[in-house]
Amino acid sequence: MTENQPFNAYKGLSESEERFRTLVTATSDVVYRMSADWKVMRQLNGGNFLLDTGEPDEHWLQKYIHPIDQQVVKDAIDEALGKKQMFRLEHRVLRADGTIGWVLSTAVPILNESGDIIEWFGTASDVSGRKATEEALRQARDEAETQRRLYEIVAANTPDLVYVFDPNYIFTFANPALLKMWGKSWDDAVGKGLLDNGYEPWHAEMHEREIDHVVKTKESIRGEIAFPHATLGKRIYDYIFSPVVNAQGEVEAIAGTTRDISDIKENEQRKNDFISMVSHELKTPLTSVISNVQVAQKRAIQNNDTIAAGMLERAGTQLGKMTRMINGFLNVSRLESGRIQIDHQLFDLSDLMKEVEDDAAATMLGHSIRIEPSPEIWINADREKISQVFNNLLSNAVKYSPLCSTIYISCSADNDFVKVCVRDEGIGVSEEDLPLIFERYYRVKGAEANHISGFGIGLYLCSEIVKLHGGSIWAESKPGEGSTFCFTLPKN
Ligand code: ADP
């Protein structure tokens, strides 16, 4: 300010400074004064956010405004200048600490008596926090949207049925495969319950109870069901309902997937029928071969032909093995078609164990079998089938453990259940295989087990027989440390 300036101008300026001071004290935000054409920043109080400046500054744009936003700032200034209207813009700034921040900047023109702009007064508030939240939200929304599109494409293109229920059994999503199966459009089907979508009352009721179960336990549920397809007729489906748990730990929805397994089932049925037919066909000639071998063996003994008698004896043992295999297959096919009956009878389990021991002593010569002495235990079960379970577990123990090792059998009972365990010192079963060995046709793969023959049906039959009795069966084992197979049976 020089002394030869006209008094009015001096007065105007000091008034401006006065106004500026008032603004600065009234607000904690950034306050600034700009020349009429915005070329020079006359003053800036940065409020600990931007660098203060008391001196006129022509390079304020480069100094304070983020390069990306410099053009928009200029455009907004031009517009405000052109219309002599308020300048208002949200833009990025370079903060005093060198970081990038966001401000909402507002400036008003100060006019003289003739309506010309003499300068601009502005304030800017720090909106970096809000911007960061907005940005995070936008990113989250973008990610959610990408994921939604991804799942939508997966769900739209799978032949499996994909759907979502709310906890009130209402469909909130159904993929195109499901809509096609129903023969309905999205609008016809979504927002409706099971009955409205054509499920029979017993079927709807069943799924509703399953949904209740998923909501209550927060665990998935799996089942198999036959259901009419709109065009393909009756099909068999395998389905899984899974809980969708929210941040509060509550089940807010139930996601379901269903797969058409009719073809798999049909193939399985064909395979079972084939195995059953072959086994039946083999049984008749086998029975005849066995009886002939037995007669020939007797003759050989009578004729003191020890060599022939020995050979026929070994043939008989192998024929016995074959018979057991064929019976195993026949039992599987009977089980599959629900033709296995449990004939309950009251018998003493310790007596059965004694029988098993005597048989083992005669046939399992390479191993020592130790049966823990047990008092009489009377149970109501199918004696023949329980004997089969015993024999399967025992012959596995022999098969999968080295010669001369010991097999221990124990039996205990409480008021309601008996528990039988067969322990061996054999090759054991790995943790991954343990849950699978009771499945039909499952055999452990590996150098040790590969050369041992079998079809993977023994344990499956054991488990089905025990289950049909209302008991349970399991195995505990570590590779190389032997295995213990146990089963329980209700006494009555
Ligand atoms: P199989 O013996 O004819 O293969 P099983 O159903 O009886 O069929 O047994 C399934 C699988 O479980 C076997 O292949 C074997 O790998 C494993 N297994 C069964 N019993 C034992 C055992 N006592 N020790 C180690 N592995 C066993």
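Residues numbered from 1 in each chain as written. Predicted model: local features only at pLDDT ≥ 70, side-chain atom pairs only at ≥ 80, totals over all residues. Heavy atoms only, no water.

Peer 1: What exactly am I supposed to notice about the state of the cysteines here?
Peer 2: Two cysteines joined by a covalent bond between their sulfur atoms form a disulfide. Tallying each qualifying case throughout the model produces 1 disulfide. Each sulfur of the disulfide joining Cys421 and Cys486 lies 2.1 Å from the other. Its S-S torsion of about 110° marks the bond between Cys421 and Cys486 as right-handed, since a negative value means left-handed. Of this pair, Cys421 sits in strand S15 (residues 417-423) while Cys486 sits in strand S17 (residues 483-490), and the two are 65 residues apart along the sequence. In this model Cys411 remains outside any disulfide bridge; the closest cysteine sulfur is found in Cys421, 9.0 Å from its own. Exposure remark for Cys411: the relative accessible area of 9% places this residue in the buried category. The thiol of Cys462 is not disulfide-bonded; the next cysteine sulfur, from Cys486, is found 13 Å away. Since its relative accessible area comes to 0%, Cys462 is described here as buried. (Disulfide = S-S within 2.5 Å. Helix = DSSP H or I, 4+ residues; strand = E, 2+ residues; numbered from the N terminus. Buried < 20%, exposed > 50% of the residue type's maximum accessible area, 1.4 Å probe, protein only.)

Peer 1: Got a minute to help me understand the nonpolar core in this structure?
Peer 2: Most often, soluble globular proteins have nonpolar side chains that are buried together. Grouped together as the largest cluster of nonpolar side chains are 37 residues, with contacts concentrated most on Leu349, Ile386, Phe390, Leu394 and Phe487. With 6 residues, the top contributor of residues to this core is helix H11 (residues 383-399). In contact with Phe390, not counting residues within four places along its chain, are Leu349, Leu352, Met353, Val356, Ile409 and Val420. (Core = buried A, V, L, I, M, F, W, Y, C linked by side-chain atoms within 4.5 Å. Contact = heavy atoms within 4.5 Å.)

Peer 1: In this structure, what is going on with helix H9 (residues 306-336)? I would like to understand it.
Peer 2: Each α-helix winds once per 3.6 residues, and so residues spaced three or four apart point in a common direction. For H9, which comprises 31 residues, the first-to-last C-alpha distance of 45 Å matches the rise-based estimate of 45 Å (1.5 Å per residue) to within 8%. Within H9, burial applies to Ala309, Leu312, Leu319, Thr323, Ile326, Gly328, Phe329, Leu330, Asn331, Val332, Ser333 and Leu335. Gly338, located one to two residues past H9, shows a positive phi value of around 70°. (Expected span 1.5 Å × (residues − 1).)

Peer 1: Can you walk me through the sheet that holds strand S2 (residues 41-45) in this structure?
Peer 2: The pairing of strands in a sheet comes from backbone hydrogen bonds and takes either a parallel or an antiparallel form. The antiparallel open sheet is built from 5 strands, whose spatial order is S2-S1-S5-S4-S3. In the strand order of this sheet, the two ends are held by S2 and strand S3 (87-94), each with one partner. Recorded for the sheet is a direction-independent mean angle of 25° between the axes of neighbouring strands. For S3 and strand S4 (residues 100-111), the ladder comprises 8 bridges, and the chain directions are antiparallel. In the strand pairing of S4, Glu90 is matched with Leu104. In the packing of helix H3 (residues 70-83) onto the sheet, the strands contacted are S3 and strand S5 (117-126), and the crossing angle to S3 comes to about 155°. (Pairing = 2+ DSSP bridges. Axes fitted to C-alpha atoms, helices over the stretch in contact; angles between N-to-C directions.)

Peer 1: Explain the site of the ligand to me, please; I cannot follow it from the model alone.
Peer 2: Every one of the 19 residues lining the ligand counts as a neighbour, but Asn396, Tyr400, Asp424, Arg443 and Leu459 are closest to it. The contact in question runs from an oxygen atom of the ligand to an N or O atom on the side chain of Lys399, over 3.0 Å. Tyr400 is positioned with one of its side-chain polar atoms (N or O) 2.7 Å from an oxygen atom of the ligand. In isolation the ligand offers 530 Å² of accessible surface; the protein chains occlude 97% of this area. Breaking the shell around the ligand down by element, the ones donating at least two residues are H11, helix H13 (458-468) and S17. No other element matches the 3 residues that H11 contributes to the shell around the ligand. Split into classes, the residues belonging to the shell around the ligand amount to 10 nonpolar, 6 polar and 3 charged. (Near = heavy atom within 4 Å. Polar contact = N/O pair within 3.5 Å; in protein donor to acceptor, adjacent residues only side chain to side chain. Areas by Shrake-Rupley, 256 points an atom, 1.4 Å probe, with all protein chains shown as cover. Nonpolar A, V, L, I, M, F, W, Y, C, P; charged D, E, K, R; others polar.)

Peer 1: Which parts of the structure should I look at to understand the UniProt feature "domain: PAS" (unreviewed entry) in the chain?
Peer 2: Per the UniProt record, the feature "domain: PAS" (unreviewed entry) sits at residues 146-218. Within the segment residues 146-218, helix and strand shares are 55% and 12% respectively, and the terminal C-alpha atoms sit 27 Å apart. (UniProt positions renumbered as here; feature names shortened; annotations may be inferred.)

Peer 1: What's the story with a nonpolar patch on the surface in this structure? I'm lost.
Peer 2: Taken together, the side chains of Phe274, Met277, Val278 and Leu282 define a hydrophobic patch exposed on the protein surface, amounting to about 360 Å² of accessible area. Of note, Leu282 is situated in helix H8 (residues 262-302). Residue Leu282 is classed as partly exposed on the basis of its relative accessible area of 39%. (Patch = residues over 30% accessible without salt bridge, like charges linked within 9 Å, V, L, I, M, F, W, Y side chains within 5 Å. Salt bridge = Lys/Arg side-chain N within 4 Å of Asp/Glu carboxyl O.)

Peer 1: Could you clarify how one ought to interpret the pairing of strand S7 (residues 171-174) in this entry?
Peer 2: Remember that side chains alternate between the two faces of the sheet whenever the strand is regular. Here 3 bridges tie strand S6 (residues 161-165) to S7, and the two strands are oriented antiparallel to one another. Directly across from Phe165, in S7, lies its bridge partner Phe171.

Peer 1: Explanation requested: the packing of H8 against H9 in the structure shown.
Peer 2: Packed helices, taken two at a time, are described by the angle between their axes plus the distance between the axes. The geometry of H8 relative to H9 is characterised by a closest axis approach of 8 Å and an angle of 155° between their N-to-C directions. One way to sum up the angle between H8 and H9 is to call them roughly antiparallel. The chirality of how H8 crosses H9 is left-handed. (Parallel < 35°, antiparallel > 145°, perpendicular 65-115°, else oblique. Left-handed = near helix turned anticlockwise from the far one by under 90°.)

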